[in-house]
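# Inside the fold
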Amino acid sequence: MRRLIFLFMFGFVCFSPSNCFNEDENINNNIIIDAPFENFEKKFQPNWKDLDTRQLPKWYDDAKIGIFIHWGLYCVPGFRSEWFWAYWKGGDKNIVQFMNNTYPPGFTYQDFAPMFKAEFFNASEFADLFVNSGAKYVVLTSKHHEGFTLFPSKRSFGWNSVDTGPHRDLVGDLANAVRQKGLKFGVYHSLYEWYNPIYLEDKKANFTTRHYAGSKLWPDLKQLVNDYKPSVIWSDGDWEANDTYWKSTDLLAWLYNDSPVRDEVVVNDRWGIGTSCKHGDFYNCEDRYNPGKLQNHKWENALTLDLTSWGYRRNIALREVIPIERLLKEVISTVSCGGNALINIGPTKEGTIAPIFAERLLGLGNWLKINGEGIYKSSPWLSQNDTFNDNVWYTCKKQRYNYQKPTAKPTEVDIVTAIYAFFLKWPTNDEGMLVINDITKHLQKGNWQVVLLGNGEPLHWETTVTGKTKIYLPRRERVNSRHAWTLKFTPV
Ligand SMILES: C[C@@H]1O[C@@H](Oc2ccc([N+](=O)[O-])cc2)[C@@H](O)[C@H](O)[C@@H]1O
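About the criteria used
- Residues numbered from 1 in each chain as written.
- Predicted model: local features only at pLDDT ≥ 70, side-chain atom pairs only at ≥ 80, totals over all residues.
- Heavy atoms only, no water.
- UniProt positions renumbered as here; feature names shortened; annotations may be inferred.
- Pairing = 2+ DSSP bridges.
- Helix = DSSP H or I, 4+ residues; strand = E, 2+ residues; numbered from the N terminus.
- Axes fitted to C-alpha atoms, helices over the stretch in contact; angles between N-to-C directions.
- Parallel < 35°, antiparallel > 145°, perpendicular 65-115°, else oblique.
- Left-handed = near helix turned anticlockwise from the far one by under 90°.
- Contact = heavy atoms within 4.5 Å.
- Nonpolar A, V, L, I, M, F, W, Y, C, P; charged D, E, K, R; others polar.
- Near = heavy atom within 4 Å.
- Polar contact = N/O pair within 3.5 Å; in protein donor to acceptor, adjacent residues only side chain to side chain.
- Areas by Shrake-Rupley, 256 points an atom, 1.4 Å probe, with all protein chains shown as cover.
- pLDDT = per-residue confidence, 0-100.

If you check an unreviewed UniProt entry, the chain appears there as alpha-L-fucosidase from Chilo suppressalis. According to UniProt, the comment filed for the chain under the heading Function (unreviewed entry) is "Alpha-L-fucosidase is responsible for hydrolyzing the alpha-1,6-linked fucose joined to the reducing-end N-acetylglucosamine of the carbohydrate moieties of glycoproteins."

In structure tokens form, the structure reads like this:
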């Protein structure tokens, strides 16, 4: 694996590379990301040790922001969460009462299927919204734990969106629409199904039989991959059995070696008991995972705009929707620490996206139009969160050069071409200065220009006696962004 070396360029023209950087600054906290071609010749063995050597396809790290969609029959009752069926069967009092009050006696979960019509669903309008949110990929629930598929699974007869409900291939329609607008498309897929009788038989046999994995799971996943060529497989519902029951490593070896998406697919880490945060192209660890520190493996923060549910709730209150300030903080802190943000919405049974979700997504998109330069294709910097001002998070941009040291073999090095500091609170001191710490020692080593993205003119800055950096901001009224701002530092 190539080693990335982190360097600083202090002069505009740099004749002698040894003066361009200080080797003490080499850091080992870079995520190693290489072009996918490094995977081309490789045949992966179906074990984690080998699968873990796969290099992350570059598009995924560049993208930074994705949209997650939880859509299934749970959007029909639209009550509590996407776990509605399991909670109901588990005797949850609120849900039992809700069912007694709202639906006729004897009503079953299956009876929701014909009520899921998606009559207003326009895949290309969804795709427009996602493009305008600034997301670069979209992940749709092809099947949640209820087992209902949003594509015509050949093994889910009558329990899919083509045979009943919308009578449409929702996976196919959305895949085509988002790709047409230049986004990547991926699928969420639950390994287990709460009430699949074949799965329940295996479970009863303590997973010593593997009929479900062989006759349902694998063929379904292969159908999904062959028919829709997803760029992401977001696996879930793995926690009742280990990866040998699921045959996860076999599936992944096929995916990486022989599948039609072998060069660009990325998978998460939910492939059986104990795999989470350990294996996979990127780690989700827990839902809404945001460690606030640089991670040594690519990760993704899956978060939902509805603070209490992934699926649509008809009785959602405004206070239960994530405020834009918090959404931006999640995105910024996540990207600073090497993560991607996967932002979830739950569409309605009519096939619409609630305006409040659309508004939040467009709020993010508008912010990214100005500030996205420091987000997309960025890398974590030396510091993530400023040690003096904890409202400030950093990223940087790197460029790769071939560097020939006298006496040594040529190496590829990454030079920092810009540092970005995002601040989440406009300073309230009279002079309108932002005070930060971690950038100081770098600013002192050369000439730096500082601008506020979306504003343009170079800002005055100075170092204080206590070693902090003060940046004199433009008057707030003259600034475009409203909830979070970006300073760009470039060596001149
Ligand atoms: C994205 C979410 O994923 C799972 O929930 C989980 C799965 C794993 C953890 N975890 O590992 O902490 C937490 C919630 C699902 O059960 C849930 O409905 C939703 O789809």
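So, next bit.
## Overview of the sheet that holds strand 13 (residues 461-463)
Pairing in this open sheet of three strands is antiparallel, and the strands run 11-14-13 from one edge to the other. This sheet does not close on itself; its edge strands, each paired only once, are strand 11 (433-436) and strand 13. The sheet shows a mean angle of 20° between the axes of neighbouring strands, taken without regard to direction. Direction of pairing for strand 13 relative to strand 14 (residues 469-472): antiparallel, over a ladder of three bridges. Residue pairing for strand 14: T463 is matched across the bridge by T469.

## Section: the packing of helix 6 (residues 123-132) against helix 7 (residues 170-180)
The geometry of a pair of packed helices is captured by two quantities: the angle between their axes and the separation between those axes. With their axes 8 Å apart at the nearest point, helix 6 and helix 7 run at an angle of 45° to one another. Considering the angle they form, helix 6 stands oblique to helix 7. By crossing handedness, the relation of helix 6 to helix 7 is classed as right-handed. Where helix 6 approaches helix 7, its residues A123, S124, F126, A127 and F130 are matched on the opposing element by D173, L174, A177 and V178. Class assignment for the residues of the contact of helix 6 with helix 7 results in seven nonpolar, one polar and one charged.

## Examining the site of the ligand
As a matter of local geometry, the ligand sits amid 13 residues, with H70, E82, W83, H145 and D236 nearest to it. Contact between the ligand and H70: an oxygen atom at 2.6 Å from a side-chain N or O atom of the residue. Starting from 450 Å² of accessible surface for the ligand in isolation, the protein chains cover 79%. In terms of residue class, the shell around the ligand is built from five nonpolar, three polar and five charged.

## Observations regarding the confidence of the model for the chain
Do not read the fine detail of predicted coordinates wherever pLDDT is low. Considering every residue of the chain, the mean pLDDT works out to 91; 92% of them sit at 70 or more. Here residues 1-36 is modelled with pLDDT under 50, and outside its nearest four sequence neighbours on either side it reaches 81 contacts, counting other chains as well. Two numbers describe this predicted complex: its pTM, 0.92, and its ipTM, 0.98.

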